[in-house]
Amino acid sequence: MVMKKPSREEMEQAIHLAEAMREKGKDQYKLGYVLLYLEERNRILEDLRKKAEYYVRFGMGEQELRNLRVALEKLHEMDVEDADDSSFFARE
């Protein structure tokens, strides 16, 4: 099923409500958390899409490739389930 993209106002309202749910401890089913996570992931994926499109359209320059790799790394970091911000552990 193809869904129509929500308007900017609809997204902002949903994000605001998700943040309010989280702040007030009213996110029993983690809907607010999931919406905020997916909104952040969507932002990163959109950045990745733009960089990949630029890379494919305009050449295989080192800077473009580096930008694409950085965008992919950001996406990969979101997929780590047991993220630990401690510098004690080495990152892979």
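Structure: above.
Residues numbered from 1 in each chain as written. Predicted model: local features only at pLDDT ≥ 70, side-chain atom pairs only at ≥ 80, totals over all residues. Heavy atoms only, no water.

(A) Region of interest: the overall build of the protein. The number of helices and strands found in the protein is three helices and zero strands. Of the regular secondary structure in the protein, the N- to C-terminal order runs α-α-α. When the 92 residues of the protein are sorted by exposure, 14% land in the buried category. (Helix = DSSP H or I, 4+ residues; strand = E, 2+ residues; numbered from the N terminus. Buried < 20%, exposed > 50% of the residue type's maximum accessible area, 1.4 Å probe, protein only.)

(B) Looking closely at the pattern of salt bridges. One pass over the full model with this rule turns up seven salt bridges. Across the salt bridge formed by R8 and E12, the nearest N and O atoms sit 3.5 Å from each other. Here E12 and R8 lie together in helix α1 (residues 8-23), a separation of four residues that amounts to about one turn. Across the pair K51 and D47 runs a salt bridge whose closest N-O atoms are separated by 2.9 Å. With K51 and D47 both in helix α2 (residues 31-58) and four residues apart, the pair spans about one turn of that helix. Shared partners join several salt bridges into a network, and the residues in it are E46, R49, E53 and R57. (Salt bridge = Lys/Arg side-chain N within 4 Å of Asp/Glu carboxyl O.)

(C) Up close: the packing of α2 against helix α3 (residues 62-78). Contact geometry for α2 and α3: axes closest at 9 Å, N-to-C directions at 160°. For the element pair α2 / α3, the angle class is roughly antiparallel. Two packed elements cross with a definite hand, and for α2 against α3 that hand is left-handed. Of α3, the residues touching α2 (which contributes Y37, E40, R41, I44, L45, D47, L48, K51, A52, Y54 and Y55) are E64, L65, N67, L68, A71, L72, K74, L75 and M78. (Axes fitted to C-alpha atoms, helices over the stretch in contact; angles between N-to-C directions. Parallel < 35°, antiparallel > 145°, perpendicular 65-115°, else oblique. Left-handed = near helix turned anticlockwise from the far one by under 90°. Contact = heavy atoms within 4.5 Å.)

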